[in-house]
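In case you want the letters, here they are:
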Amino acid sequence: SVNRSSDCLIHFYKRKGPSRVMDPLPVRTEQFTLEDDIDDEWAVRAETIVNEPSDEEEVKAKVEDARRKLNERYPDANTEDIFTEKNIIKYLRSANWNVVDAMDMFLTSVQQFKDFLPFITAGSPSQLEKVWSKKIVWVSPKRDQWGRRVIIFRLGQWNPSDFSVQQLYTATFSLLQMISLEAVTQVAGTVFVADLQGFGFKHLKALGVEELKCLGSFLSGGFPMWFRKLHIVNNPRLFNMLYTILKGFLGPRIKDNVQFHGYQLPTLLEAVPAEILPKDLGGQSNDADIDLSVETLKKNEVRILAIMEQLKYLSL
């Protein structure tokens, strides 16, 4: 059985050549496992979704090709711990296994540390309690019907006088770094739900051009992850003005996949399962669901900070 979203699936995954339509999966809780590789079922899906080679020799050849190109780019750097097979595969999956595109994405990730350092290093996960306590950003422990992780981002509930935009961005960036280590997420991608309820002039004032540029770069290929869809809900006219500026910084990778719902929760619920959304968005998730991703992030903070240090090291 193929449900109404299957045609979207082909559109989002924009793969050249024939694409098999896959059956949706049951929505279920899946712990944040950062070490597991994909199982046989996901290996088949990966061929369709991200063009993953089924032949192990071809995988090895592409990993080696990417490693060689990256080492040529950073001849004087100590890269043994950085260009590991797992890390290179993460970038290859986010570029549909195109070595040149994966390399571009890696270089853009490094460039972000040069261009936007204050926005991604404003505190370690355990130092960002001010952000977490407001429950403004989290990742649902339940994957959606296409196996994607869903990030809930309640921008409208942020009070800029409570903590800085740098801290908000760093918190979000850290969560995304964590889930980018999940093999299934590397293949399936993620969905962003931005809730703008409460968005006003104080937010408009806090989000200048530099902040929007950083967000645009990040969503458009500056981060090794497929952002399959960006759902914007409860958006007032004021936000639409801001989006006009943001749009100028968005690349085609995300620009075509933004959906505005206005104040129509039913259309959001058609796209994102109710089990994943918080109650005020018509969903059924509870506080334990909200806290789980942040708790896991804090437990893995040494690992996440190490990745960020590597990118920072290469950016110097």
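Quick note: structure is the one above.
Predicted model only: the values in this text are computed from it and were never measured.

Reading guide: rules and limits
Residues numbered from 1 in each chain as written. Predicted model: local features only at pLDDT ≥ 70, side-chain atom pairs only at ≥ 80, totals over all residues. Heavy atoms only, no water. Axes fitted to C-alpha atoms, helices over the stretch in contact; angles between N-to-C directions. Helix = DSSP H or I, 4+ residues; strand = E, 2+ residues; numbered from the N terminus. Parallel < 35°, antiparallel > 145°, perpendicular 65-115°, else oblique. Contact = heavy atoms within 4.5 Å. Nonpolar A, V, L, I, M, F, W, Y, C, P; charged D, E, K, R; others polar. Buried < 20%, exposed > 50% of the residue type's maximum accessible area, 1.4 Å probe, protein only. Pairing = 2+ DSSP bridges. Salt bridge = Lys/Arg side-chain N within 4 Å of Asp/Glu carboxyl O. 1 Å grid on protein atoms, 1.4 Å probe; cavity = no way out; pocket = protein on both sides within 12 Å on 5 of 7 lines; lining within 4 Å. Points joined across faces, edges and corners; volume = space filled by probe spheres on them. Patch = residues over 30% accessible without salt bridge, like charges linked within 9 Å, V, L, I, M, F, W, Y side chains within 5 Å. Areas by Shrake-Rupley, 256 points an atom, 1.4 Å probe, with all protein chains shown as cover. Lys, Arg positive; Asp, Glu negative; His and termini not counted. Charge placed at Lys NZ, Arg CZ, Asp CG, Glu CD. Phe/Tyr/Trp six-rings, centres within 6.5 Å; stacked < 30°, edge-to-face > 60°. Lys NZ or Arg CZ within 6 Å of the ring centre and 35° of its normal.

Novice: I'd like a rundown of the packing of helix α3 (residues 56-73) against helix α4 (residues 85-93), residues and numbers included.
Specialist: Remark: α3 packs on α4, axes separated minimally by 10 Å, with the N-to-C direction vectors making an angle of 95°. Between α3 and α4, the interaxial angle falls into the category roughly perpendicular. Contact residues: α3 offers V59, K62, V63, A66 and R67, while α4 offers E85, I88, I89 and L92. A per-class count over the contact of α3 with α4 returns six nonpolar, no polar and three charged.

Novice: Summarise the pairing of strand β2 (residues 149-153); cite the residues concerned and give the values.
Specialist: Counted residue by residue, β2 has five buried out of five residues, so it is predominantly covered. Sheet topology note: the strand β1 (residues 137-139)/β2 ladder contains three bridges and is antiparallel. Residue pairing across strands places V139 opposite I151, the latter belonging to β2. Two elements, β2 and strand β3 (residues 190-195), share five bridges in a ladder whose sense is parallel. Counterpart to I151 in the pairing with β3 is F192.

Novice: Lay out the pattern of salt bridges with the relevant residues and their values.
Specialist: One pass over the full model with this rule turns up 16 salt bridges. Of the charged contacts, one joins K142 and D289 as a salt bridge, the two residues approaching to 3.1 Å between their closest N and O atoms. Here D289 lies in helix α15 (residues 287-299) and K142 lies in the loop between β1 and β2, a separation of 147 residues in the sequence. For the pair shown, K142 and D289 are each scored as buried. One salt bridge in this structure joins D144 and R148, with 2.8 Å as the shortest N-O distance. Pair check on accessibility: D144 and R148 agree, each one buried. Shared partners join several salt bridges into a network, and the residues in it are E30, R143, R149 and E182.

Novice: Kindly report on the layout of surface pockets, identifying the contributing residues and their values.
Specialist: Roughly 410 Å³ of volume is contained in the second largest pocket. Those elements that provide at least two residues to the lining of the second largest pocket are α4, α9 (183-188) and α16 (301-315). Sort the elements by how many residues they give to the lining of the second largest pocket and α4 lands first, with six residues. Residue classes in the lining of the second largest pocket are distributed as seven nonpolar, four polar and nine charged.

Novice: How would you explain helix α11 (residues 209-219) if you had to name every residue and give the values?
Specialist: Buried within α11 are the following residues: E211, L212, C214, G216, F218 and L219. Remark: G221 follows α11 within two positions and exhibits a positive phi of approximately 125°.

Novice: Can you explain a negative patch on the surface? Please cite residues and give values.
Specialist: A surface patch of like charges, here negative, comprises D55, E56, E57 and E58. Locating E57 in the fold gives a position in helix α3. The exposure class of E57 is exposed, given its relative accessible area of 53%.

Novice: Describe unusual backbone geometry, listing the residues and the values that go with them.
Specialist: The backbone phi angle of N96 is positive, close to 50°, even though this residue is not glycine. Among the secondary structure elements, N96 is positioned in the loop between α4 and α5 (99-115). One non-glycine residue, K135, adopts positive backbone phi at about 50°. In this structure, K135 sits in the loop between α7 (129-133) and β1.

Novice: Mind laying out the packing of aromatic side chains, listing which residues take part and the relevant values?
Specialist: Under the counting rule described, the total for this entry stands at 16 aromatic pairs. Pairing F218 with F227 gives two aromatic rings, centres 5.8 Å apart and planes at 40°, and the pair type is tilted. Each member of the pair F218 and F227 is classed as buried. Among the aromatic residues, those joined into a ring-pair cluster are F113, F153, F173, F192, F218, F223 and F227. Note that R73 overlies the ring of Y74, its terminal NZ or CZ placed 5.5 Å from the centroid.

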